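# Chains, contacts and geometry: an overview
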Amino acid sequence: MYDVNLPVSELYEMDPAKIEAIGSSSESVVNGEGPWTERDRLILRIVDEQLATFTNTNETVEEALTVLSNAELVEVLIIIGAYCMLARILRGLKVDDDQPIRPANLMDALRASVTPDQKR
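The structure contained in this document is the topic of the report that follows.

Conventions adopted
Residues numbered from 1 in each chain as written. Predicted model: local features only at pLDDT ≥ 70, side-chain atom pairs only at ≥ 80, totals over all residues. Heavy atoms only, no water. Core = buried A, V, L, I, M, F, W, Y, C linked by side-chain atoms within 4.5 Å. Buried < 20%, exposed > 50% of the residue type's maximum accessible area, 1.4 Å probe, protein only. Helix = DSSP H or I, 4+ residues; strand = E, 2+ residues; numbered from the N terminus. Contact = heavy atoms within 4.5 Å. Axes fitted to C-alpha atoms, helices over the stretch in contact; angles between N-to-C directions. Parallel < 35°, antiparallel > 145°, perpendicular 65-115°, else oblique. Left-handed = near helix turned anticlockwise from the far one by under 90°. Expected span 1.5 Å × (residues − 1). Salt bridge = Lys/Arg side-chain N within 4 Å of Asp/Glu carboxyl O.

## Observations concerning the nonpolar core
Counting 9 residues, the largest nonpolar core consists of Leu42, Ile43, Ile46, Ala64, Leu68, Leu73, Val76, Ile80 and Cys84. Listed by contribution, the elements that provide at least two residues to this core are α4 (38-53) and α6 (70-92). Ranked by the residues each element gives to this core, the list is headed by α6, at 4 residues. Residues in contact with Ile80, not counting those within four places in the same chain, are Ile46, Val47, Gln50 and Leu51.

The structure is reproduced here in structure tokens:
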């Protein structure tokens, strides 16, 4: 997944220190290590709790709502669910990892797919 998402991270100009730190343990991130913001750390805690228990503690939800809007929290939960579904399908079907892709026009294609067409 790293190779597939790296171009999108670059397109959205993600902090290179964060890209370099990907792969750190979630425990180290939650404990304050690395270039992550408190918001990043909170979202990671939401993800970790969801993956471990399929829910979140009241404390985590209350803290999340001081940093995220209701819509943003719902979006985080939907993204977690979508990625979990994809992971289960790919594992169940024994789909191998994709080969690295970096065609010359990849960034232009990504921009076109995430930028609304003004002509519509």
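## Brief notes about the packing of helix α5 (residues 58-67) against α6
Each pair of packed helices can be summarised by the angle the axes make with each other and by the distance between the axes. α6 packs onto α5 with a crossing angle of 125° between their chain directions and a minimal axis gap of 8 Å. For the element pair α5 / α6, the angle class is oblique. With respect to the hand of their crossing, α5 and α6 are arranged in right-handed fashion. On the side of α5, the interface is formed by Val61, Ala64, Leu65 and Val67, while α6 contributes Asn70, Glu72 and Leu73.

## Section: α6
Between its terminal C-alpha atoms α6 stretches 33 Å, which fits the 33 Å expected from 23 residues at 1.5 Å a residue. Within α6, burial applies to Leu73, Val76, Ile80 and Cys84. Check the buried side of α6 and you find it contacts α4 and α5. Just past α6, the residue Lys94 takes up positive phi, approximately 60°.

## Let's talk about the pattern of salt bridges
Applying the stated rule across the entire model yields 5 salt bridges. Among the ionic pairs, Glu63 bridges to Arg45, the shortest N-O distance being 2.9 Å. Taken together, the residues span a long stretch of sequence, with Glu63 in helix α5 and Arg45 in helix α4 at a distance of 18 residues. Under the relative-accessibility criterion, Glu63 is labelled partly exposed at 35%. Looking at Arg45, the relative accessible area reads 21%, which means it is partly exposed. One network of salt bridges, with partners in common, ties together Arg45, Glu49 and Glu63.

## Describing unusual backbone geometry
At Glu13, a residue that is not glycine, the phi angle is positive and equals roughly 55°. Mapped onto the fold, Glu13 is located in the loop between α1 (2-11) and α2 (16-21). Phi is positive for Lys94, close to 60°, though the residue is something other than glycine. With respect to the secondary-structure elements, Lys94 resides in the loop between α6 and α7 (106-114).

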